[in-house]
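# A look at the structure
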Amino acid sequence: MTHPRATAAQTAFFTKAQGFNIHDSNFTNHQTTIIQSSAVDPLETLHKHRALEACHTSKTAASAPKCKPGTRTKAITDLTTWAKEVAADPSSSKKLVLWLRGPAGSGKTCIMREVARICREDDILAGDYFFSTRVPGLDDETPFVATIIAHLIEVVPALAPPIRQTILSLPTIFERSMELQIEKLISNHIASIPSQTPLPRIIVVDGFDECRDQKQRERLLHLLYSLVTPPHSFRVVMASRPEYDIRTAFNQAPLKSITKILHLEEYEVSGEIYQYLCDEFARIRDNHPAKQSIPSDWPGEATLHALTDKSSGIWAYPATVIKYVDNPRRHPVELLKDVLDASSTASSGRPFAELDALYKIILNPPDIDIPLMKRLLHVVIEFTRFPAWSTAMGMGNLLMEQILLAPSLDDFLSLGRGTTEMTLCDLHSVLSVAENAGRPWIYFHHKSLEDYLCSPERAGDLYQSPADTHSDILTVCIHNLKLWNWKLVSPNADFQDVDTIPDYSCGALRHLLFEKKCFPPSVLDFDARIVWRCFAFTDWDPPKQHIFNDFVNSFHNAMCKEGAECRQSCASFRRMLQYWESLEQIVDESLTSGDPPMERLKRFEEKCQGLFAPLDLSPPTEALTTILQDDENAFLPLPNASLESISGDVGGGGQFIPESTSTAEESSAPQTTGSIHGSTPQPAERRRRWWHILFPCVT
């Protein structure tokens, strides 16, 4: 017997066949069902969590300074020779790690990029990671393992299938510990590689000291140790400043016995710096708009030797001198004279005396608003330390990159458009302002400038304490959120010029509260419900309830004394969140109930009445009516159902009227604004509606 719903394709084996008989036979219809999966490719998940800019082949690296041909050859040769030897025979040396240590500005990153390039060309590079405090997100451990694994898959394709399968079975693997990531994604699959497949073994890590958190550095060193010891056989080439925690780790077990240390300052570079200066000054003489007035022998042998001596092996000094002098709007002869005059007053008792003198002259250009410039520089420093909050808010590093654009800083600080660019335009030798299409945000060319500005002894009047910077940013955040809230309720509000400011302000506010920084008076009486309003009105798509909870707890811990009654603003904020959570729960329970629509609606009304009774809403039915408008189809999945046709005095004790008994007038009544049959409002629209109910009532 044929099933009444069976199709012709399911029952007709010989369509339109005639004139033949088949006896004593059984037929089976085999069908193939093709299922198209919308699941994300696991390798896309991997690439989402990697830091592409951390690699030596990134856009950042492409525009970064490089070793001038013929320079740093001895250091590069020593590093690559060791790497090639241990890659060819991992058991050839007891030293499993090579640490290149050197002072700030000594050219470590240029050397390490060259080392990574050579290792890649020789097919021995397993992965590389260049930490940086000047590129958003590269001062944190989070993307480290994913970045190394992504490169490893590129050079060993045989690893892709098992790693893909592991990510598919553990989609949250990159939210787990780095140790678990290594175990599941590398340790468990290395043995599956065919023996004839060469395994690249060199991992290059640069700027390790620029991973800001010492605890993260400790974890990373432990992780790297696990990668160079059984069951793994990778080898690590690392470069960093000799910060106390790093050199202490390398001078004690277990790293001491397996580490070879090279001191970059022991390499003679005076000749290379001298040649670099000769070539660069020749270039300026040939290309500067004022070249006709520049003497052919400028700057002279004595000056070249003097600048070489002042460099003291620190490449940041001559590089900064050249950037400063190479200004097409000012005469290079005069600019170099300023550098030499500043150097003559430098104290020889400080290790960075010459560099400090150079920074002092650069950061005091004529006709500049020094207080504004100082404010902008320290705000930039603070925002480069904010990747944690932008990631926590689900924005990755995008939020920080956006706020460090010059126009965004103008808006955030309530400055006229163009102010930031005009204020910083003469500082091109030490920072970039919209000069790089691949990195359009503001960033320092070298970390030594940040070190200078953060040292009261070195920076003098340009120093600003972190506490003052935090207070400044907090005050700005409060101002921006209050202004945004006012514009939101203003009939003439223009959202286009303020739509991103709440994002920046909420993020910065949350970060500083969480870190328990100092609080200006403006924070103490701030109505924190505005923060919740920002979440409710922006196009972010929670549920990200943990963000709200985290913000509430941070605000409470920062604002309220332990054991004392909460401040009014904190109490209102917490109650607001409690009502929101309760309302969400009531709606979810009602939507998932198996009861008939009328019964479901009645239960929903009873629960909401109990929730909103303490709020003393006027009229008390407003909340219920608005929420029912949002979800009328979910509550009443009936043809042509509408709120007007099934309810009388909803929420006020009235009777529910079935559609069949509604009057013609009621049936033809237009639907309430925003209630569209067959669909429910988007989450952002629902949050806006609920906000208008809760905000005025929860005080």
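Small disclaimer: the values here were computed from a predicted structure and weren't measured.

### Let's talk about the overall build of the protein chain
Counting secondary structure elements, the protein chain contains 34 helices and seven strands. By residue count, 49% of the 699 residues in the protein chain fall in the buried class. As displayed, the protein chain offers around 34000 Å² of accessible surface, 52% of which is attributable to carbon and sulfur atoms.

### Some words on the nonpolar core
If you look at the biggest cluster of nonpolar residues, it comprises 128 residues, and the most contacted ones within it are Phe144, Phe281 and Leu363. If sequence neighbours within four positions are ignored, phenylalanine 281 has contacts with Trp298, Pro299, Leu304, Leu307, Val321, Ile322, Val325 and Leu336. Within the second largest apolar cluster, 26 residues are counted, among which are Cys67, Trp82, Val86 and Val237.

### Comments concerning the packing of helix α8 (residues 178-190) against helix α9 (residues 214-228)
At a minimum axis distance of 10 Å, the contact between α8 and α9 shows a crossing angle of 20 degrees. Looking at the two axes, α8 sits roughly parallel to α9. When the axes of α8 and α9 are compared, the crossing they make is right-handed. Mapping the contact onto sequence places Met178, Glu179 and Ile182 in α8 and Arg219, Leu220, His222, Leu223 and Leu227 in α9.

### Observations regarding the environment of serine 233
Of note, serine 233 is situated in the loop between α9 and β4 (235-240). Residues serine 233 and valine 86, spaced 147 residues apart in sequence, show a C-alpha to C-alpha distance of 9.7 Å. Polar side-chain contacts of serine 233 include one of 2.2 Å to the side chain of arginine 201.

### Section: the sheet that holds strand β5 (residues 259-263)
The strand order β2-β3-β4-β1-β5 describes an open sheet built from five strands, whose pairing is parallel. Each of the sheet's edge strands pairs with one partner strand only, and the pair in question is β2 (125-130) and β5. Looking at each pair of strands side by side, their axes are set apart by 15 degrees on average, direction ignored. The pairing of strand β3 (residues 202-206) with β4 spans four bridges and is classified as parallel. Bridged to valine 205 within β4 is methionine 238.

### Focus: the side chain of aspartate 245
With respect to the helices and strands, the residue aspartate 245 is situated in helix α10 (residues 244-250). Within the structure, the side chain of aspartate 245 is placed 2.8 Å from the side chain of arginine 217, a separation counted as a polar contact. For aspartate 245, the residues in contact, after removing those within four places along its chain, are Gln214 and Arg217.

### Brief notes about unusual backbone geometry
In the segment running from proline 230 into proline 231, the intervening peptide bond is cis, with an omega of 10 degrees. Mapping proline 231 onto the fold places it in the loop between α9 and β4. The linkage connecting alanine 253 with the following residue, proline 254, adopts the cis geometry, with an omega of 5 degrees. Position of proline 254 relative to the elements: it lies in the loop between α10 and β5. One non-glycine residue, aspartate 367, lies in positive phi territory at about 55 degrees.

### Things to note about α8
The terminal C-alpha atoms of α8, which comprises 13 residues, lie 17 Å apart, in line with the 18 Å expected from a rise of 1.5 Å per residue. Helix geometry: α8 is bent most strongly at lysine 184, by close to 30 degrees. Within α8, burial applies to Met178, Gln181, Ile182, Leu185, Ile186 and His189. Where α8 is buried, its residues touch α6 (144-155), α7 (160-169) and α9.

### What to know about the pattern of salt bridges
A side chain of one charge can pair with a side chain of the opposite charge when the charged atoms of the two come close. Scanning the model with the defined rule gives 22 salt bridges in all. For aspartate 78, the salt bridge is made with lysine 74, and the minimal N-O distance between the two is 2.9 Å. Pair noted here: aspartate 78 and lysine 74 are both in helix α4 (residues 73-88), with a separation of four residues, about one helical turn. The salt bridge partner of aspartate 139 is arginine 212, with a shortest N-O separation of 2.9 Å.

### Some points on the confidence of the model for the protein chain
Any segment with low pLDDT has predicted coordinates that should not be analysed in fine detail. Per-residue confidence for the protein chain gives a mean pLDDT of 75, with 69% of residues at or over 70. Predicted confidence is poor over residues 1-15, with pLDDT under 50, and the contacts of this stretch with residues over four places away or in other chains come to twelve contacts. Scored below 50 in pLDDT, residues 617-621 shows eight contacts in the model against residues more than four places distant or in partner chains.

### A few points about the pairing of strand β1 (residues 97-101)
Burial runs high along β1: five of the five residues are buried. Side chains Val97, Trp99 and Arg101 of β1 all project onto a buried face; the interleaved residues Leu98 and Leu100 project onto the opposite face, where all are buried too. The sheet contact formed by β1 and β4 spans five bridges and is parallel. Residue arginine 101 lies in a different strand from β4, and its bridge partner there is serine 240. When β1 meets β5, the two strands line up parallel, connected through five bridges.

### Here we look at the packing of α6 against α8
Running from N to C, α6 and α8 cross one another at 15 degrees; their axes reach a closest spacing of 10 Å. As judged from the angle between their axes, α6 and α8 are roughly parallel. α8 is crossed by α6, and the crossing has right-handed handedness. Contacts between α6 and α8 involve Val145, Ala146, Ile149 and Leu152 from the first element and Met178, Gln181, Ile182, Leu185 and Ile186 from the second. Across the contact of α6 with α8, the residue classes tally to eight nonpolar, one polar and no charged.

### Some remarks on the packing of aromatic side chains
Taken as a whole and assessed by the stated rule, the structure comprises nine aromatic pairs. For the pair tryptophan 99 and phenylalanine 250, a centre-to-centre distance of 4.6 Å together with 20 degrees between the ring planes defines the contact as stacked. Residue tryptophan 99 is found in strand β1, and its partner phenylalanine 250 is found in helix α10; the two are separated by 151 residues along the sequence. Using a relative accessible area of 0% as the deciding quantity, one classes tryptophan 99 as buried. You can call phenylalanine 250 buried: its relative accessible area is 2%. Summarising the aromatic geometry, the rings of phenylalanine 281 and tryptophan 298 are spaced 5.1 Å apart at their centres and angled 80 degrees between planes, so their arrangement reads as edge-to-face. Here phenylalanine 281, found in helix α11 (residues 270-287), pairs with tryptophan 298, found in the loop between α11 and α12 (301-311); they are 17 residues apart in sequence, far enough to count as distant. Like phenylalanine 281, the residue tryptophan 298 is buried in the burial classification. Site record: aromatic cluster; members linked through ring pairs are Tyr129, Phe131, Phe144 and Phe208.

### Looking at the side chain of threonine 80
Looking at the secondary structure, you find threonine 80 in helix α4. Overall, threonine 80 belongs to the buried group, its relative accessible area being 6%. A polar contact is formed between the side chain of threonine 80 and the backbone oxygen of isoleucine 76, at a distance of 2.8 Å. Residues contacting threonine 80, with those up to four places away along its chain left out, are Val115 and Ile118.

### Some thoughts on α11
Here α11 is 18 residues long and its end C-alpha atoms lie 26 Å apart, about the 26 Å a rise of 1.5 Å per residue gives. Regarding α11, the residues found buried are Glu272, Ile273, Tyr274, Tyr276, Leu277, Glu280, Phe281 and Ile284.

The rules behind the values
Residues numbered from 1 in each chain as written. Predicted model: local features only at pLDDT ≥ 70, side-chain atom pairs only at ≥ 80, totals over all residues. Heavy atoms only, no water. Helix = DSSP H or I, 4+ residues; strand = E, 2+ residues; numbered from the N terminus. Buried < 20%, exposed > 50% of the residue type's maximum accessible area, 1.4 Å probe, protein only. Areas by Shrake-Rupley, 256 points an atom, 1.4 Å probe, with all protein chains shown as cover. Core = buried A, V, L, I, M, F, W, Y, C linked by side-chain atoms within 4.5 Å. Contact = heavy atoms within 4.5 Å. Axes fitted to C-alpha atoms, helices over the stretch in contact; angles between N-to-C directions. Parallel < 35°, antiparallel > 145°, perpendicular 65-115°, else oblique. Left-handed = near helix turned anticlockwise from the far one by under 90°. Polar contact = N/O pair within 3.5 Å; in protein donor to acceptor, adjacent residues only side chain to side chain. Pairing = 2+ DSSP bridges. Expected span 1.5 Å × (residues − 1). Bend = angle between axes of the 7 residues up to and from the residue. Salt bridge = Lys/Arg side-chain N within 4 Å of Asp/Glu carboxyl O. pLDDT = per-residue confidence, 0-100. Nonpolar A, V, L, I, M, F, W, Y, C, P; charged D, E, K, R; others polar. Phe/Tyr/Trp six-rings, centres within 6.5 Å; stacked < 30°, edge-to-face > 60°.

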